[in-house]
Amino acid sequence: SQQGEEDPQALSIQEGENATMNCSYKTSINNLQWYRQNSGRGLVHLILIRSNEREKHSGRLRVTLDTSKKSSSLLITASRAADTASYFCATAILLTDSWGKFQFGAGTQVVVTP
Amino acid sequence: EPEVTQTPSHQVTQMGQEVILRCVPISNHLYFYWYRQILGQKVEFLVSFYNNEISEKSEIFDDQFSVERPDGSNFTLKIRSTKLEDSAMYFCASSEGTSGTETQYFGPGTRLLVL
């Protein structure tokens, strides 16, 4: 599998339900970030979690990171129709002391129906 | 709130033509990137740029591609001789910080269609 693979590929839920998606990666990371992309639009940064952090919250978003399993999860609580989008994880890897790179996964397409 | 801007929003070109995609990163950012996303597929890294030079490039970024920061605000991606398979959404991003692994802020993208 590739660095930063999301699971599931697609998720359909009702408004008010929680949505959980996972991201697995292969190499050690500096941080992992989640982005949202509405159809045909640019990517919007949601949250960044560093390799020494295990959990982070931002509003209705909760991100966990398990470096031993090389995986992260994004939970959206009490979903709304406006949460309909594709969600991508991006792994950031330090290549040198001053430089790193990002790699995006294929994304999870979330559809929230009213 | 500062944002990354890109022009044009859409571009249609004939195969073999040169295109230049333009981006204005956030003004105090030091790291700049280009990504592309073929319809329905993942976001693919093309190139990163720091201190007026390419820091890293992917296999996609071959000799047909080049980047430039012609002045203090613009960051451009040039495709010299476009191919049908270059049709995609191209995103510019920028970040501050010291490592290039911090949050990247994306522009709205340029949709390129090569006929």
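The structure under discussion appears in the preceding block.
Residues numbered from 1 in each chain as written. Chains lettered and ligands numbered in written order. Predicted model: local features only at pLDDT ≥ 70, side-chain atom pairs only at ≥ 80, totals over all residues. Heavy atoms only, no water.

**Q** Break down the nonpolar core for me, citing the residues and quoting the values.
**A** Grouped together as the largest cluster of nonpolar side chains are 23 residues, with contacts concentrated most on Met-21, Leu-32, Trp-34, Leu-46, Leu-74, Ile-76 and Tyr-87 of chain A. Counting residues per element, the ones that place at least two in this core are strand S2 (10-14), strand S3 (19-24), strand S4 (31-37), strand S5 (43-50), strand S7 (61-66), strand S8 (71-76), strand S9 (85-94) and strand S11 (108-113) of chain A. If you tally residues by element for this core, the top one is S9 of chain A, at four residues. Ignoring sequence-local partners within four residues, the contact set of Met-21 of chain A consists of Asp-7, Pro-8, Trp-34, Ser-72, Ser-73, Leu-74, Ile-76, Tyr-87, Thr-108 and Val-110 of chain A. Within the second largest apolar cluster, 22 residues are counted, among which are Phe-32, Trp-34, Ala-88 and Leu-112 of chain B. (Core = buried A, V, L, I, M, F, W, Y, C linked by side-chain atoms within 4.5 Å. Buried < 20%, exposed > 50% of the residue type's maximum accessible area, 1.4 Å probe, protein only. Helix = DSSP H or I, 4+ residues; strand = E, 2+ residues; numbered from the N terminus. Contact = heavy atoms within 4.5 Å.)

**Q** Explain the sheet that holds strand S3 (residues 19-24) of chain B to me, and be specific about the residues and the numbers.
**A** Residue and element names in this part refer to chain B. Strand order in the open sheet made by the four strands is S1-S3-S8-S7, with antiparallel pairing throughout. Each having just a single partner strand, strand S1 (5-7) and strand S7 (65-68) make up the two edges of the open sheet. Neighbour-to-neighbour, the strand axes of this sheet turn through a mean angle of 20°, independent of strand direction. In the sheet, S7 pairs with strand S8 (residues 75-79) via four bridges, with the strands oriented antiparallel. What sits directly across from Glu-68, in S8, is Thr-76. (Pairing = 2+ DSSP bridges. Axes fitted to C-alpha atoms, helices over the stretch in contact; angles between N-to-C directions.)

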